[in-house]
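Okay, here's what each chain looks like letter by letter:
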Protein chains: 2
Amino acid sequence: MKDFVFQNTTKIYFGKNQLGHLGEEIKPYGSRILLVYGGGSIKRIGLYEKVRNELKSKGLTVFELAGVEPNPRHTTVNKGADICKKEKIDVILAVGGGSTIDCSKAIAATRYYDGDCWDLVTGKAPVTQALPLFTVLTIAATGSEMDCGGVISNVETNEKLGLVDPLLQPKVSFLDPTNTFSVSAYQTACGSVDILSHIFDCFYFADDEGKMDMIDRVMEEVIKTVVKYAPIAIKEPGNYEARANLMWAASWALNGFLGTGTVMAPTCHMIEHEVSAFYDITHGHGLAILTPHWMEYILDETTAPQFKKFDVNVFNVDASLSDIEGAREAIARFKDFVFNTLGLKSRLSDLGVDDKNFAAMANKACPNGILAGYKKLTPSDIEAIFKMSL
Amino acid sequence: MKDFVFQNTTKIYFGKNQLGHLGEEIKPYGSRILLVYGGGSIKRIGLYEKVRNELKSKGLTVFELAGVEPNPRHTTVNKGADICKKEKIDVILAVGGGSTIDCSKAIAATRYYDGDCWDLVTGKAPVTQALPLFTVLTIAATGSEMDCGGVISNVETNEKLGLVDPLLQPKVSFLDPTNTFSVSAYQTACGSVDILSHIFDCFYFADDEGKMDMIDRVMEEVIKTVVKYAPIAIKEPGNYEARANLMWAASWALNGFLGTGTVMAPTCHMIEHEVSAFYDITHGHGLAILTPHWMEYILDETTAPQFKKFDVNVFNVDASLSDIEGAREAIARFKDFVFNTLGLKSRLSDLGVDDKNFAAMANKACPNGILAGYKKLTPSDIEAIFKMSL
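Right, let's walk through the structure included here. Nothing here was measured: the structure is a model prediction, and the numbers come from that model.

**Regarding the relation of the copies chain B and chain A**
Right, so step 1: Overlaying chain B with chain A gives an RMSD of 0.0 Å, the required rotation being 180° about an axis along which the chain moves by 0.0 Å. Classification of the inter-copy transformation places it as that of a two-fold axis. Identified as the residue of chain B closest to the rotation axis by C-alpha distance is Thr9(B), at 2.2 Å.
Right, so step 2: A share of 100% of interface residues in chain B that are also interface residues in chain A marks the association as one of identical surfaces.

**Considerations on helix 15 (residues 379–389) of chain A**
Residue and element names in this part refer to chain A.
Right, so step 1: Buried within helix 15 are the following residues: Pro379, Asp381, Ile382, Ile385, Phe386 and Ser389. All buried residues of helix 15 lie within an arc of 160° about the axis, which places them on one face of the element. The outward face of helix 15, more than 90 degrees from its buried face, is lined by the exposed residues Ser380 and Lys387.
Right, so step 2: Summarising the contacts, the buried residues of helix 15 are in contact with helix 10 (267–279), helix 11 (283–298) and helix 14 (358–365).

**Observations concerning the sheet that holds strand 2 (residues 32–36) of chain B**
Right, so step 1: Here we have twelve strands laid out as an open sheet, ordered 3(A)-2(A)-4(A)-5(A)-8(A)-1(A)-1(B)-8(B)-5(B)-4(B)-2(B)-3(B), and mixed in their pairing. A single partner strand is all that each edge strand has here, and the edge strands are strand 3 (61–65) of chain A together with strand 3 (61–65) of chain B. The mean inter-strand angle of the sheet, taken between neighbouring strand axes irrespective of direction, is 25°.
Right, so step 2: Where strand 2 of chain B meets strand 3 of chain B, five bridges bridge the pair, whose relative direction is parallel. Each bridged residue has a counterpart across the sheet, and for Ile33(B) the counterpart in strand 3 of chain B is Val62(B).
Right, so step 3: Running over the sheet, helix 4 (residues 74–87) of chain B touches strand 2, strand 3 and strand 4 (91–96) of chain B and is turned about 155° from strand 3 of chain B.

**Points about the pattern of salt bridges**
All names here are of chain A.
Right, so step 1: Counted by the stated rule, this structure contains 40 salt bridges over all chains.
Right, so step 2: In this structure, Glu221 engages Lys224 in a salt bridge whose closest nitrogen and oxygen atoms are separated by 3.3 Å. With Glu221 and Lys224 both in helix 8 (residues 213–235), this residue pair falls three residues apart, about one helical turn. Pair check on accessibility: Glu221 and Lys224 agree, each one buried.

Here is what the cut-offs are and how they apply
Residues numbered from 1 in each chain as written. Chains lettered and ligands numbered in written order. Predicted model: local features only at pLDDT ≥ 70, side-chain atom pairs only at ≥ 80, totals over all residues. Heavy atoms only, no water. Least-squares fit on C-alpha atoms with pLDDT ≥ 70 in both. Contact = heavy atoms within 4.5 Å. Buried < 20%, exposed > 50% of the residue type's maximum accessible area, 1.4 Å probe, protein only. Helix = DSSP H or I, 4+ residues; strand = E, 2+ residues; numbered from the N terminus. Arc of directions from axis to C-beta. Pairing = 2+ DSSP bridges. Axes fitted to C-alpha atoms, helices over the stretch in contact; angles between N-to-C directions. Salt bridge = Lys/Arg side-chain N within 4 Å of Asp/Glu carboxyl O.

Structure representation (structure tokens):
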């Protein structure tokens, strides 16, 4: 296992009756709030009104940036940062899912940068300061509510890149499972796969010697939590227990704890970001299709034992299978879970993806010619995985 | 499950080569350091010298409070607070185990109180401010390195009470498993039982409906981590993997995560504190003896299912047993683990405890006439548990 540094400062209010603390938490940071949200679902579920009333009752002044895209764009970030500069915004409040929160993080940093946010995302300029960020979460998926990273898309260059800095860590996040009751079956499925993929990216699939045993065990329980509750939440959207377990699982999948003792290797995320960047598909659906094909592609005698362990510990299958048999069974069961139980379509072509950009996408996924992970991948490996997934 | 608030701000440096970050982390908080430690074991393992050199190399001025007791006394806290006031200390650095850290927390708060620290411990006066606290941990046990509570003893009044305040949360803690290689088999055993007891206190033993499923599952994996690695660390004191897993398990057993969704009920801790308060025994050993007797005492048809679940999920025993059979088996296995595998003596009388103070101790454990927990206990219940444990 590796030496590591762990810190996560975000304060979480979890549960049904917590929103009344929002104003009191924000107030010490200032009175001029930029409320950031997406396509308006927060209005449909009445959350917009509740948040506005809460802020108003505490004497806070609210400005708005609406219409954040599912894959948030750098142009929207720039728009938000301009509002912050012009209106002397003190605090950003993101109400929505991972896209809204990611966009808000980039706005928070760009507020203090005299230029295009894309310079910060590409690392051309450093993050030097950021506005304090608060979030009210509406979907269990990205974990952005409890981490310091975000992903921003540039549709002009077909790039989708991460912006990660400790300054972007939310101060306080409000996690009310009832705010996820209206999340569609499709988005619940996609969010659940995103959670699972974050755990895989925390190096669940890696040699045992590179990890801490306790963390490996805990990972399996978070995976099992998602495997148990995602189908329930899809069938019974208003099941509080299912929504609560998924919500808390999402936060813990990527808040640093499950990465302690290892070096994270977000292989499938890096590959999927290229698909989203070129075709603007739903991230979790892209992951659902690519992950099992990635597993198949890297399956050999060195990777088989961990895949088999996944099968035995998560899906409770017979431990007496050989490593290769167990690994094949694991991949089959994972496919069955995402494509049958969660009901997601199984081919990239189902999402409008074609093979025209595979070579360019594969190259972009490997900025240094190689992509780290359980098995190191070259652009030609990634192109092969794209083709298998088409 | 209950609504909850979760936050844990402590930054952790974990691993073999991290102490070089100590000075740089402390420096922003000031230059005058009070180094607090216990009986001198940190000198035997060379840690004292390493810490002093690190602080010196960063230009920091070091004052010392040595000799913190295993059950730290309020008089020692007062002594430390006096040094802080007189020497204008900026930062407290605790190097040691839970007792040293707990004592340091109380010193940090008493620095800003014009009176006896016992007023803060008993709640007669509030904690209003605290010096920043840093820790270098030398035993896996209390979790004090990553929480905001401490326990202080008053030998004049035979009281052992908790002082809990967010201001007491360590800023940064250094967890190097090699610093625990020299921990004796006996203290390793006692520390391990303390970790387990913290998880039980986070309401692992409670009705399912009061909990979040994911947390219950994670609890079991942390329990299994301790059950697996404590015997290895006892047999092979220099086994890094065992020491590292125990160390990280200790921090997570009581840092708030495993308590999310429930209300903590530190039943056995409250009962044991009375034994330590009257007889100054090792806390973890007291817990080891009291816990299985508490289990036996509260065993009935309502509590049996969760005890059986513990048996099945932690000790991998046959799920086909009846609840009561499974629960009895669980208690037998837990006893076997602490008294045979870990080698701890099984009677309070082995530790010099007699029955003279049982009534007084039982009353003190229930300040309001009742002690919360899986089963609510009255003073006469607690006295019965003491007698069973004698």
